[in-house]
4 protein chains.
Amino acid sequence: MTATTERTKYDIKDPSLATQGKQRIDWAGREMPVLRLIQERFAKEKPLAGIRLVACCHVTTETAHLAIALKAAGADGILIASNPLSTQDDVAASLVVDHGIPVFAIKGEDTETYLRHVETALDHRPNIIIDDGSDVVATLVKNRQHQLSDLIGTTEETTTGIVRLRAMLNDGVLTFPAMNVNDADTKHFFDNRYGTGQSTLDGIIRATNILLAGKNIVVAGYGWCGKGCALRARGMGANVIVTEVDPVRAIEAVMDGFRVMPMEQAAAIGDLFITVTGNKHVIRSEHFDVMKDGAMVCNSGHFDIEIDLKSLKEKSTEVKEVRNFTQQYKLQSGKSVIVLGEGRLINLAAAEGHPSAVMDMSFANQALACEYLVKNKGKLEPGMYSIPADVDQEIARLKLKAMGINLDTLTPEQIEYTNSWASGT
Amino acid sequence: MTATTERTKYDIKDPSLATQGKQRIDWAGREMPVLRLIQERFAKEKPLAGIRLVACCHVTTETAHLAIALKAAGADGILIASNPLSTQDDVAASLVVDHGIPVFAIKGEDTETYLRHVETALDHRPNIIIDDGSDVVATLVKNRQHQLSDLIGTTEETTTGIVRLRAMLNDGVLTFPAMNVNDADTKHFFDNRYGTGQSTLDGIIRATNILLAGKNIVVAGYGWCGKGCALRARGMGANVIVTEVDPVRAIEAVMDGFRVMPMEQAAAIGDLFITVTGNKHVIRSEHFDVMKDGAMVCNSGHFDIEIDLKSLKEKSTEVKEVRNFTQQYKLQSGKSVIVLGEGRLINLAAAEGHPSAVMDMSFANQALACEYLVKNKGKLEPGMYSIPADVDQEIARLKLKAMGINLDTLTPEQIEYTNSWASGT
Amino acid sequence: MTATTERTKYDIKDPSLATQGKQRIDWAGREMPVLRLIQERFAKEKPLAGIRLVACCHVTTETAHLAIALKAAGADGILIASNPLSTQDDVAASLVVDHGIPVFAIKGEDTETYLRHVETALDHRPNIIIDDGSDVVATLVKNRQHQLSDLIGTTEETTTGIVRLRAMLNDGVLTFPAMNVNDADTKHFFDNRYGTGQSTLDGIIRATNILLAGKNIVVAGYGWCGKGCALRARGMGANVIVTEVDPVRAIEAVMDGFRVMPMEQAAAIGDLFITVTGNKHVIRSEHFDVMKDGAMVCNSGHFDIEIDLKSLKEKSTEVKEVRNFTQQYKLQSGKSVIVLGEGRLINLAAAEGHPSAVMDMSFANQALACEYLVKNKGKLEPGMYSIPADVDQEIARLKLKAMGINLDTLTPEQIEYTNSWASGT
Amino acid sequence: MTATTERTKYDIKDPSLATQGKQRIDWAGREMPVLRLIQERFAKEKPLAGIRLVACCHVTTETAHLAIALKAAGADGILIASNPLSTQDDVAASLVVDHGIPVFAIKGEDTETYLRHVETALDHRPNIIIDDGSDVVATLVKNRQHQLSDLIGTTEETTTGIVRLRAMLNDGVLTFPAMNVNDADTKHFFDNRYGTGQSTLDGIIRATNILLAGKNIVVAGYGWCGKGCALRARGMGANVIVTEVDPVRAIEAVMDGFRVMPMEQAAAIGDLFITVTGNKHVIRSEHFDVMKDGAMVCNSGHFDIEIDLKSLKEKSTEVKEVRNFTQQYKLQSGKSVIVLGEGRLINLAAAEGHPSAVMDMSFANQALACEYLVKNKGKLEPGMYSIPADVDQEIARLKLKAMGINLDTLTPEQIEYTNSWASGT
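Residues numbered from 1 in each chain as written. Chains lettered and ligands numbered in written order. Predicted model: local features only at pLDDT ≥ 70, side-chain atom pairs only at ≥ 80, totals over all residues. Heavy atoms only, no water.

(A) Spatial organisation of the relation of the copies chain D and chain A. Mapping chain D onto chain A is achieved by rotating through 180° and translating by 0.0 Å along the same axis, at an RMSD of 0.0 Å. The superposition of one copy onto the other is thereby described by a two-fold rotation axis. Within chain D, the C-alpha atom positioned nearest to the axis of rotation is that of Asn-239 of chain D, 4.8 Å from it. (Least-squares fit on C-alpha atoms with pLDDT ≥ 70 in both.)

Structure (structure tokens):
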């Protein structure tokens, strides 16, 4: 349902889902104490007053809390989906109905609609863009150079988006400050590793209900997300194989007790494949050819291009839905390959994305990054910026406090020792 | 036995141990294929010809291979112990007897001897110093400013040493280039984590023969070394408690499934304590007071100051050796505390230090760092330098090759994708 | 919808769900190769021809395959639900519509309906009862002594049912042979441990979407199911606490690295509680009193009596659904306790029960146990019987074969050695 | 040194080692609270007064405590070694010198001496034999039938010994009661799993100092000892492969996340092999042929026949000691195979055997089994007997108490529930 009124423009599935959405948003809030504290401060201080803001995110219960916090800060914001499959329609409804936040996101929207929403977002003439995978920023740079003067800066929280921003920087087109939220320790240590780890398995189990114990699970990529997937898969009793292109990560995987081999070889062994590389066509034609009958493939990397579904389709005689989010490709060879969640982020397609407890810290970084950009408006050169270390530390401190966990503190003697070099053995 | 001859000056325990030392050095070589390849190249290219070099290291079978590689490179080097307890006397003997390398190191040497050896090292007027904990460099800076002109640069591989170099940098006394070997991925990921992890437990078991399963083990510090100790202790069935001062590390430990609490609280619960903080007096008077009867404490951090043994001694009525490397402190309260390895690095005191397989990569970094300093003589500003990324990658690649493990390689399409920002969802 | 026709009587929710049910049953079949082989043999040999059979089971996709195999064997069987919440209505529909198997089971049926279905089952005058928790058998013994002459024997696969059968044996009322399917290694090692382990966490995550990493999870009971839950919870990064009444199991949990303490103490620490004891009121009034605000409790033991919900309700001012399968009890003290799945088996209430791969072996045992009872009709004394060891071994062998895994075989020399006692050191 | 005096006959290496032995025995006592409590009761009650007892055990610090407890109970006992390599000479010395217990055991004794000690033991005309591997009992049955009338019974604690006793039973030559100590839960759960697991790795590391992380470790046999080795090897970062002949154990290993394959295939992959099968020639000629150059093999099963060293020797051109307990076999093919501890129990050959904490429970079972035999003298039929369940439970309870760990207790309501079968859903 699309609407354009004085107060709220939106494009969502069904406003009547708001009640259910609100209940689920409330539930998520239990595990998001850090963002709650920030929201309370923002409500008093209004650090984003008058700022036009676009957030392009997975529209989930956790994102709802970010949107609410930004609104509390005074931002004039709109929210669009960063992924066609990840929108939770009830959350979108509640944000529109209960909070008056314009949302443009419908689960399963086609590419055309997705791109239209990106245009709508840019029509908002944002001062700040919170991006997720860099689609909004890339479109702005490609097609709306004239709007760049409006832009104070952007924030980006995915590894994929950071790779694209780096490419822009190399090409000389990054003419504004971009906050690298992904590199905050309180983001990638937790969100990418523990969040992706748990929720990827969750998505796989919901999609298939298979027993993971005893399965050969191939994890393509041993970055933070891949580490999380491999660790949790082993925690469920699977025998994990890692594929990598980076020798340092590869040897780390070996020392962590995993088998490492090229995909060419792993393809014939795996019962289940998870791609988390940030690259494209990591599983492709030659790999499908050697897979076992009934092998399952899914993706937990940002874009749906890690598995080359086009080539799979070409060698298939039939594609049929055999369970929700589970399609069987019957190959000409007689074997079949099972694709989960159409190769899109499985944790968002078949489950509920990252648990609130990790998004609490990721989104605390997002909210504080926006505040930082506005506070330092005009002072930052174009380029990529890390989250200041003290912000990172403060988020961790708030989180621990909320969990009731105490730290040691350095004694004066220890502080002095840390700062001296003269005393030794 | 001390000797000063034309060819070789040395101060070692007993040259007749050389045969045993040689056998053990050969054994270690089996697991050090990367350093072996470097040594073979060095023997041809002589990149350190004419360079006066001091290496201050734990004198172990692995260090022997580093020393041999440096000599093969043409260096005029001498080796001293970086720790009074870690010297393997048979290795020292073989280096002197079989390789003509001057070594000044005796297991159990007193502080006076240790300091004398540092002076001997500086008398060598080094162009390059390979340091381990920064004692040689700190002494040079404090006492021999006039020798700084000889110095091309230094390398440092411990976290502790890096902290001291940073303090020197802050104080404006770091007037030469220092290679931060510790920050190489192929160093700290493996040496600090997997090396310290396994060898610390090895030292503890050799010193005590206790069953780790079911014990409450407190690991102070959750840096790379602490992560390794915690991971391996859990791998042996222990219930691990982590103490930290850094909130990000603390929450990482929590998410890894460990209990986190202040030492004050952990002190009353632990059966065994391992300090790996790089700081001093992490376990101190107030902690001993609340420990269980028979609690064991040991250290796997660089210096022997993490446990405040002075205060423990003051509250004890008796100290007695109850097993090799194991001393029982009888407290006035009637309880006793067991100290392993006199609070020195337990993996070197009671076991054999890091396994060769990790030192292979660490020392490959050391060797290549020396070559880098010499190649770039006169071009590097004073300050701290990372190991170049391609060196790091190359070491990992050589190691994987030696292990017979293959990687994936990026397709041309993937390389292009990585470098572009325009294509998206 | 209830129906009584010549051919098929049934009481299910909606026959039109059959298409979806069939699809899901087919899906489960992929992971059940052992039962498939048995079904193929049964179809030829008809070992249960003319046998009136009652199966009281969780009506899931896996049970469907058991029912189909038994029908293929010639049995005249009916299927009722063993638990009011675990029925999958689409599966029930497909069994009725596609296979003509009478099913009496509706998800969420009230106790009265449940008991009526038990009576319907007994009206079938069964020769064989496949029971799950011993409700049908107990009702038969209590109320229908006159039907005992029809009974050839029963099979039972839950720990809870076995405890009840033992109590009957002690009371002298077990006047027929009962096959203890639960004690088969291929049942309890896999179903109870790996099946309950994975599916319990799956149920919890689907009900709550909370991050398990870093949570204090209390597992009450360290039998096979408890071991599975504890192992998998740790595998997801939780800090696991075990409560036990049996000292041997308790010390096993300690040596496995878990904290062990009485529930009284654990109640104040836990973020999430899982009961798997087979006993009643394991979490009760005094425990709720000391729980943290927002603590979550759920059950994965057979009956819904492990958590004393009655006492919880009495001390609550409000009970409200805050998410599917998730109820918040607001206590008079102001704190709240979250109950998942109404205290019923969480893996069946909120997820899909045990994965097919483990039920394959459990139900292979069930099918072969029925065949064994019929083959040995009249030869077995009243009492409890184990599954013959060769049946157990054969099931494991078939499973491994289906997974493509090969074993070693004993050489003649080794067989001889195993059987001799005279040769030694 | 051999001696025959009025008071003490013995055959040990060197009585002057007694001081060191006493210190080490005292140390072990710290972790053996259960046996200490039993010893204190025995000292009062003298349950073994006048009983001639032979104990054939690994002569370790833990065995010393068993011997002392038995002497305190009034037994007239002698102790011989159960394995030529496992004797700790200082312990033997202390038992003779400090406790007046006759010991016949010398580390490294040849087979002739070993067999002579068995004869000496039988010359003692034992009423009770505590055996370890069943050599003494087998010799008695073969050669001294006339002494069987002296025998009240025997106890046996190894899996290997139990297999031999079963073979005797099958052959009709077990004409006395034999207590199966191995089957006590407090024995095999802990000793075989956690004890063998830790101490096997300890032995391997002491013998080789290799890094286990990243190594392919093949564990032959997945009984309790194999489970322990596999679990701990994974805990140290190894990639573990299991070989088995039993399909149930094999599938358990698969579900635990290990690779399972025949030795024929594993032989080509493994970096390190551990045999724990209880059978002979598990690694044999055809396996050596396909091993990688430098592969290491060791044994942690009872007898030194699991690795076929004879065939290895036949295909070798040279055998040389390359480190303590580490021999390199140079094959005709040019490759080499490394054998640890001469194929004898590696945890006793290169390390110190099982940690005291597990032997505490194993030997508590031994001590109470002896008492049970004497108490029931004349009442027990010939055959094999389990340790009574209440003894097992009591040992676990004492152990937990000593560790300061509390259990839950059943409420009256729960006890009633456990005993009833009538109440249900």
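Now that the structure has been shown, the text picks up again.
(B) The arrangement of the domain arrangement of chain A in detail. Residue and element names in this part refer to chain A. Once the domains are mapped, chain A shows domain 1 (2-187 + 353-402) and domain 2 (194-349). Taking only C-alpha atoms, the centre of domain 1 and the centre of domain 2 are 29 Å apart. Contacts between domain 1 and domain 2 engage 17 residues on the former and 13 residues on the latter. Between domain 1 and domain 2, roughly 1300 Å² of surface is buried when both sides are summed, and carbon and sulfur atoms account for 63% of that area. Applying the counting criterion to the domain 1 and domain 2 interface returns zero salt bridges. Each residue belonging to the side of domain 1 that touches domain 2 can be placed in one class, and the counts come to four nonpolar, nine polar and four charged. (Domains from an automatic or database assignment. Contact = heavy atoms within 4.5 Å. Buried area = accessible area lost by both parts, 1.4 Å probe. Salt bridge = Lys/Arg side-chain N within 4 Å of Asp/Glu carboxyl O. Nonpolar A, V, L, I, M, F, W, Y, C, P; charged D, E, K, R; others polar.)

(C) Structural context of the packing of helix 8 (residues 185-208) of chain C against helix 9 (residues 224-235) of chain C. All names here are of chain C. Viewed as axis vectors pointing N to C, helix 8 and helix 9 meet at an angle of 45°, and their least axial separation amounts to 7 Å. Here helix 9 runs oblique to helix 8, going by the angle between their axes. Here helix 8 and helix 9 pass one another in a crossing that is right-handed. Only Trp-224, Cys-225, Gly-228, Cys-229, Arg-232 and Ala-233 of helix 9 make contact with helix 8, whose side of the interface consists of His-188, Phe-189, Asn-192, Arg-193, Tyr-194, Thr-196, Gly-197, Gln-198, Thr-200 and Leu-201. Among the residues forming the contact of helix 8 with helix 9, the class breakdown is seven nonpolar, seven polar and two charged. (Axes fitted to C-alpha atoms, helices over the stretch in contact; angles between N-to-C directions. Helix = DSSP H or I, 4+ residues; strand = E, 2+ residues; numbered from the N terminus. Parallel < 35°, antiparallel > 145°, perpendicular 65-115°, else oblique. Left-handed = near helix turned anticlockwise from the far one by under 90°.)

(D) Summary view of the interface of chain D and chain A. Counting from both sides, the interface comprises 13 residues of chain D and, opposite them, 13 residues of chain A. Of the roughly 900 Å² buried between chain D and chain A, counting both surfaces, carbon and sulfur atoms make up 55%. Ranking the residues of chain D by area buried against chain A places Asn-239, Met-255 and Arg-259 of chain D at the top, with a combined share of 43%. On inspection of chain D and its partner chain A, the count reaches zero salt bridges. Along the contact surface separating chain D from chain A lie four residue pairs in polar contact (both at pLDDT 80 or more). (Polar contact = N/O pair within 3.5 Å; in protein donor to acceptor, adjacent residues only side chain to side chain.)

(E) Geometry of the interface of chain A and chain B. Contact with chain A, which involves 69 residues of that partner, is made by 70 residues of chain B. Both faces considered, chain A and chain B share a buried interface measuring about 6200 Å² in area, 62% of it formed by carbon and sulfur atoms. Taken together, the links from chain A to chain B amount to four salt bridges. The partner of Arg-193 of chain A in a salt bridge is Glu-252 of chain B, with the nearest N and O atoms 2.7 Å apart. Our enumeration of links across chain A and chain B arrives at 18 residue pairs in polar contact (both at pLDDT 80 or more). Counting residues per element, the ones that place at least two in the side of chain A that touches chain B are helix 6 (135-143), helix 7 (159-170), helix 8 (185-208), helix 10 (247-255), helix 16 (389-403) and helix 17 (412-419) of chain A. Class assignment for the residues of the side of chain A that touches chain B results in 35 nonpolar, 16 polar and 18 charged.

(F) Representation of the UniProt feature "domain: S-adenosyl-L-homocysteine hydrolase NAD binding" (unreviewed entry) in chain A in the model. Sites flagged by UniProt as "domain: S-adenosyl-L-homocysteine hydrolase NAD binding" (unreviewed entry) map to residues 192-353 of chain A. With 36% helix and 25% strand, the stretch residues 192-353 of chain A has end C-alpha atoms that lie 11 Å from each other. (UniProt positions renumbered as here; feature names shortened; annotations may be inferred.)

(G) Quick look at a nonpolar patch on the surface. Judged by side-chain polarity, Val-245 of chain A together with Leu-410 and Ile-415 of chain B come together as a nonpolar surface patch covering roughly 220 Å² of accessible area. Along the chain, Ile-415 of chain B falls in helix 17 (residues 412-419). (Patch = residues over 30% accessible without salt bridge, like charges linked within 9 Å, V, L, I, M, F, W, Y side chains within 5 Å. Areas by Shrake-Rupley, 256 points an atom, 1.4 Å probe, with all protein chains shown as cover.)

(H) Examining the sheet that holds strand 12 (residues 272-275) of chain B more closely. Within the open sheet, the eight strands sit side by side as 11-10-9-12-13-16-15-14 (chain B). Their pairing is mixed. Because the sheet does not close on itself, it has two edges, and the strands there are strand 11 (259-260) and strand 14 (316-323) of chain B. Bridge count between strand 10 (residues 239-243) of chain B and strand 11 of chain B: two bridges; the pairing is parallel. In the sheet register, Val-242 of chain B faces strand 11 of chain B, and the bridge partner there is Val-260 of chain B. Most of the contacts of helix 1 (residues 18-29) of chain D go to strand 14 of chain B, to which it runs at about 105°, and overall it touches strand 13 (295-299), strand 14, strand 15 (326-331) and strand 16 (336-340) of chain B. (Pairing = 2+ DSSP bridges.)

(I) Layout of the pattern of salt bridges. On inspection of all chains with the given rule, the structure shows 109 salt bridges over all chains. The salt bridge involving Arg-41 of chain A is made with Glu-45 of chain A; its shortest N-O contact spans 2.9 Å. Note that Arg-41 of chain A and Glu-45 of chain A are positioned in helix 2 (residues 33-45) at a spacing of four residues, about one turn of the helix. Residue classification places Arg-41 of chain A among the partly exposed residues on the basis of a relative accessible area of 27%. With a closest N to O distance of 3.6 Å, Asp-191 of chain C and Lys-187 of chain C form a salt bridge. (Buried < 20%, exposed > 50% of the residue type's maximum accessible area, 1.4 Å probe, protein only.)

(J) Local environment of the packing of aromatic side chains. Evaluated as defined, the whole model comprises 16 aromatic pairs over all chains. Seen from their ring centres, Phe-190 of chain C and Tyr-194 of chain C are 5.8 Å apart, and the 35° between their planes marks the pair as tilted. Residue Phe-190 of chain C and its partner Tyr-194 of chain C are both found in helix 8; the two are separated by four residues, about one turn of the helix. For the pair shown, Phe-190 of chain C and Tyr-194 of chain C are each scored as buried. Joined through ring pairs, the aromatic side chains of Phe-189, Phe-190, Tyr-194 and Trp-224 of chain A make up one cluster. Directly above the aromatic system of Trp-224 of chain A lies the positively charged group of Lys-227 of chain A, at a separation of 5.4 Å from the ring centroid. Directly above the ring of Phe-189 of chain B sits Arg-193 of chain B, whose terminal nitrogen or CZ lies 5.3 Å from the centroid. (Phe/Tyr/Trp six-rings, centres within 6.5 Å; stacked < 30°, edge-to-face > 60°. Lys NZ or Arg CZ within 6 Å of the ring centre and 35° of its normal.)

(K) Local environment of the relation of the copies chain A and chain B. The two copies are related by a screw motion: chain A maps onto chain B through a turn of 180° and a shift of 0.0 Å along the axis, at an RMSD of 0.1 Å. The overlap is high: 100% of the interface residues of chain A also sit at the interface in chain B, so the same surface is used on both sides.

(L) Spatial organisation of the confidence of the model for chain A. Residue and element names in this part refer to chain A. When pLDDT is averaged across chain A, the result is 94; 97% of the residues are at 70 or more. Confidence drops under pLDDT 50 across residues 4-8; counting only partners more than four residues distant or on other chains, this segment forms five contacts. This prediction of the complex comes with two scores: 0.93 for pTM and 0.91 for ipTM. (pLDDT = per-residue confidence, 0-100.)

(M) Examining the side chain of Asp-132 of chain D more closely. Residue and element names in this part refer to chain D. Here Asp-132 lies in the loop between strand 6 (128-131) and helix 6 (135-143). Despite its burial, Asp-132 remains without a salt bridge, the nearest opposite charge being carried by Lys-187 at 7.2 Å. In this view, Asp-132 contacts Cys-56, Cys-57, His-58, Ser-82, Glu-156, Glu-157, Thr-158 and His-302; residues no more than four positions away in its chain are not counted. (Lys, Arg positive; Asp, Glu negative; His and termini not counted.)

(N) Molecular detail of the environment of Leu-211 of chain A. Within the secondary structure layout, Leu-211 of chain A lies in the loop between helix 8 and strand 9 (216-220). Residues within four places of Leu-211 of chain A in sequence aside, it is in contact with Glu-31, Tyr-194, Gln-198, Pro-355, Ala-357 and Val-358 of chain C together with Met-255 of chain D.

(O) Spotlight on the packing of helix 2 (residues 33-45) of chain D against helix 15 (residues 356-375) of chain D. Residue and element names in this part refer to chain D. Contact geometry for helix 2 and helix 15: axes closest at 8 Å, N-to-C directions at 25°. One finds that helix 2 runs roughly parallel with respect to helix 15. Like other packed secondary-structure pairs, helix 2 and helix 15 cross with a definite hand, here left-handed. Contacts between helix 2 and helix 15 involve Pro-33, Val-34, Leu-35, Ile-38, Arg-41, Phe-42 and Glu-45 from the first element and Asp-360, Phe-363, Ala-364, Ala-367, Leu-368 and Glu-371 from the second. The residue makeup of the contact of helix 2 with helix 15, split by class, is nine nonpolar, no polar and four charged.

(P) Structural detail: unusual backbone geometry. Located in the positive-phi region is Ser-134 of chain C, a residue other than glycine, with phi close to 70°. Among the secondary structure elements, Ser-134 of chain C is positioned in the loop between strand 6 (128-131) and helix 6 (135-143). Here the phi dihedral of Arg-125 of chain D falls at roughly 50°; this positive angle occurs in a residue that is not glycine. Inspection of the secondary structure assignment puts Arg-125 of chain D in the loop between helix 5 (111-123) and strand 6. The partly exposed category is assigned to Arg-125 of chain D, whose relative accessible area is 35%.

(Q) Structural view of the environment of Val-297 of chain A. All names here are of chain A. Within the fold, Val-297 resides in strand 13 (residues 295-299). Residue Val-297 is classed as buried on the basis of its relative accessible area, which comes to 0%. A sequence separation of 93 residues divides Val-297 from Ile-204, and the C-alpha atoms of the two residues are 9.7 Å apart. Sequence-distant contacts of Val-297, that is, excluding residues within four places in its chain, are made with Phe-273, Ile-283, Met-291, Ile-307, Val-337, Ile-338, Val-339 and Leu-340.

(R) Up close: the environment of Met-261 of chain C. All names here are of chain C. Relative to the helices and strands, Met-261 is located in the loop between strand 11 (259-260) and helix 11 (263-266). Since its relative accessible area comes to 7%, Met-261 is described here as buried. Between the C-alpha atoms of Met-261 and Val-245, which are 16 residues apart in sequence, the distance is 9.9 Å.

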